[in-house]
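Fold and geometry: a report
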Amino acid sequence: MSSVRIENVTKKFGKVFAVKDLSLDIKEGEFMVFLGPSGCGKTTILRIVGGLETPTKGRVYFGDKDVTNFRPKDRNIAMVFQSYSLYPHLTAYHNIAFPLRIAGKKKEIIKKRVMETAELLGIKDLLHKRPRELSGGQSQRVAVGRAIVREPTLFLFDEPLSNLDAKLRVQMRAELAHIHNELKITSVYVTHDQIEAMTLGQRIAVLKDGVLQQVGKPMEVYENPKNAFVASFLGSPAMNLLEGKKFSFLSSYGKNKLVGIRPSDISIVKSGIETTLDAAEVIGNEIILYLKLGDNIITVKTKSLKPSQLKPGTKFYIKFNKEKIYLFNADTGEKVKSS
Ligand SMILES: Nc1ncnc2c1ncn2[C@@H]1O[C@H](COP(=O)(O)OP(=O)(O)O)[C@@H](O)[C@H]1O
Ligand SMILES: [Mg+2]
């Protein structure tokens with residue numbers, strides 16, 4: 001196991017900055033998640049940590065060791081990707097055993113490690129099967145098994161769950177958390193999925209256009225976003241961001257402000273700001289309302305409305321919970337103050 005230090009790393013592809021002057025310390029045993037939209041540089045930073053890419057500038061350290069110019073195979077890392085690329089002609093057992101065989105381990109040691117790994121992943125009864133006989137979730141478990149079997153110093157995950165269906169994703173998420181709890185191997189996990197980030201990460205690092213926006217514990221980042229981008233990226237449905245100058249009822253917050261409020265912090269009241277229902281989504285016992293206010297749509301999360309109230313065009317009166325308002329500079333997006 002090892003800590004990881006990413007120091008002023010920049011990666012350019014031609015004129016594109018995939019990663020810009022990024023610095024981050026990952027603690028020994030920590031589960032760190034990089035979160036950001038597609039194209040923000042997640043895979044690039046992961047490949048730099050794994051040695052598959054060399055930074056244009058900056059250094060990478062494992063513990064005190066500068067590994068910037070180490071080849072992947074000299075870093076003792078294990079990687080799990082979105083496509084799990086198992087060897088099709090080998091059984092699950094031999095897929096998991098593969099890295100140990102390459103490392104020249106003895107047969108008994110291999111068997112012991114493979115069985116322990118299969119036990120941890122709950123796939124003992126699949127070991128005789130070949131990849132084409134396995135479901136997506138089973139294949140991904142075998143791929144995880146192959147990665148953890150040789151006890152790497154560092155685990156790298158690149159959106160490993162994005163090919164799985166929703167139910168399986170939830171299950172695998174819990175399993176990955178469980179495996180990390182058991183093995184406590186330093187892990188770097190990249191995803192565009194904020195729920196994955198919130199549930200798996202001990203800390204999350206939010207990226208935009210190759211630039212690190214904020215690092216912190218999931219709830220810290222959620223509750224105290226540094227800028228409008230982070231605020232709107234975490235939380236589902238996303239935080240409402242309204243230009244203060246467009247609404248008279250927001251004028252007290254000042255002109256050059258973006259006013260942020262989460263959909264769950266707006267209530268439906270008898271008299272308040274008048275809006276018109278554009279669309280409604282009923283999700284179990286929760287209802288998401290998309291309310292028109294001028295040419296803006298305000299998202300509100302609520303409960304207990306009658307079906308008859310969910311017709312487009314219905315009037316709704318809303319009230320913001322003033323304590324839950326976030327204020328951002330309308331030009332820079334930086335947070336100015338949270339009330
Ligand atoms: N090998 C490459 N050659 C040229 N451009 C690349 C290469 N890899 C990534 N990029 C560019 O770098 C940026 C970041 O890409 P990537 O790290 O794959 O983002 P993410 O994983 O967050 O979707 C994108 O603009 C992408 O097009
Ligand atoms: Mg990627």
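Residues numbered from 1 in each chain as written. Chains lettered and ligands numbered in written order. Predicted model: local features only at pLDDT ≥ 70, side-chain atom pairs only at ≥ 80, totals over all residues. Heavy atoms only, no water.

Here we come to the overall build of the protein chain. A count of helices and strands for the protein chain gives 8 helices and 19 strands. The principal-axis extent of the C-alpha atoms belonging to the protein chain is close to 75 × 45 × 35 Å. Evaluated residue by residue, the protein chain yields a buried proportion of 48% over its 339 residues. Considering only intrachain contacts with a sequence separation of at least 6, the fraction spanning at least 24 residues in the protein chain is 63%. Surface accessibility of the protein chain: about 16,900 Å² in total, with carbon and sulfur atoms responsible for 50%. If the 53 positive side-chain charges of the protein chain are averaged to one point and the 35 negative ones to another, these points end up 2 Å apart. (Helix = DSSP H or I, 4+ residues; strand = E, 2+ residues; numbered from the N terminus. Buried < 20%, exposed > 50% of the residue type's maximum accessible area, 1.4 Å probe, protein only. Contact = heavy atoms within 4.5 Å. Areas by Shrake-Rupley, 256 points an atom, 1.4 Å probe, with all protein chains shown as cover. Lys, Arg positive; Asp, Glu negative; His and termini not counted. Charge placed at Lys NZ, Arg CZ, Asp CG, Glu CD.)

For the rest of this paragraph, the subject is the layout of surface pockets. Taken as a whole, the largest pocket spans an internal volume of roughly 600 Å³. Every residue lining the largest pocket is counted, 20 residues in all, and those nearest its centre are Ile77, Ala78, Met79, Arg146 and Arg150. The set of elements that each furnish at least two residues to the lining of the largest pocket consists of strand E6 (77-80), helix H2 (92-102) and helix H4 (136-148). When residues in the lining of the largest pocket are grouped by element, the largest group, 4 residues, is from E6. (1 Å grid on protein atoms, 1.4 Å probe; cavity = no way out; pocket = protein on both sides within 12 Å on 5 of 7 lines; lining within 4 Å. Points joined across faces, edges and corners; volume = space filled by probe spheres on them.)

In terms of residue burial, helix H1 (residues 42-50) counts as a mostly covered element, since 7 of its 9 residues are buried. Within H1 the residues assigned to the buried category are Lys42, Thr44, Ile45, Leu46, Ile48, Val49 and Gly50. Taken from the residues just after H1, Gly51 is the one with a positive phi, measuring 90°.

Right, let's get into the domain arrangement of the protein chain. Examined at the domain level, the protein chain breaks down into domain 1 (4-232) and domain 2 (240-338). The straight-line distance from the C-alpha centre of domain 1 to that of domain 2 is 37 Å. Tallying the contact residues gives 9 residues for domain 1 and 8 residues for domain 2. Between domain 1 and domain 2 lies a buried interface of about 750 Å² when both sides are counted; carbon and sulfur atoms form 48% of it. Taken together, domain 1 and domain 2 are joined by 0 salt bridges. At the boundary of domain 1 and domain 2, one finds 5 residue pairs in polar contact (both at pLDDT 80 or more). Counting residues per element, the ones that place at least two in the side of domain 1 that touches domain 2 are helix H7 (218-223) and helix H8 (228-233). Among the elements that take part in the side of domain 1 that touches domain 2, H8 stands out by supplying 3 residues, more than any other. (Domains from an automatic or database assignment. Buried area = accessible area lost by both parts, 1.4 Å probe. Salt bridge = Lys/Arg side-chain N within 4 Å of Asp/Glu carboxyl O. Polar contact = N/O pair within 3.5 Å; in protein donor to acceptor, adjacent residues only side chain to side chain.)

Taken as a whole, this structure holds 1 cavity of 30 Å³ or more when the rule is applied. When its volume is computed, the largest cavity comes out at roughly 50 Å³. What lines the largest cavity is Phe31, Phe155, Phe157, Leu176, Ile179, His180, Leu183, Ile185 and Ser187. Taken together, the elements giving at least two residues each to the lining of the largest cavity come down to strand E7 (154-158) and helix H5 (166-183).

Moving on, we come to the site of ligand 1. Inspection of the region around ligand 1 gives Phe13, Val16, Ala18, Pro37, Ser38, Gly39, Cys40, Gly41, Lys42, Thr43 and Thr44 as its neighbouring residues. Measuring from an oxygen atom of ligand 1, one finds a side-chain N or O atom of Thr44 at 2.5 Å. Bound to the protein, ligand 1 loses 57% of the 560 Å² it would expose on its own. For the shell around ligand 1, the secondary structure elements donating two or more residues are strand E2 (16-26) and H1. Broken down by element, the residue count for the shell around ligand 1 peaks at 3 residues, all from H1. Counted by class, the shell around ligand 1 contains 5 nonpolar, 5 polar and 1 charged residues. (Near = heavy atom within 4 Å. Nonpolar A, V, L, I, M, F, W, Y, C, P; charged D, E, K, R; others polar.)

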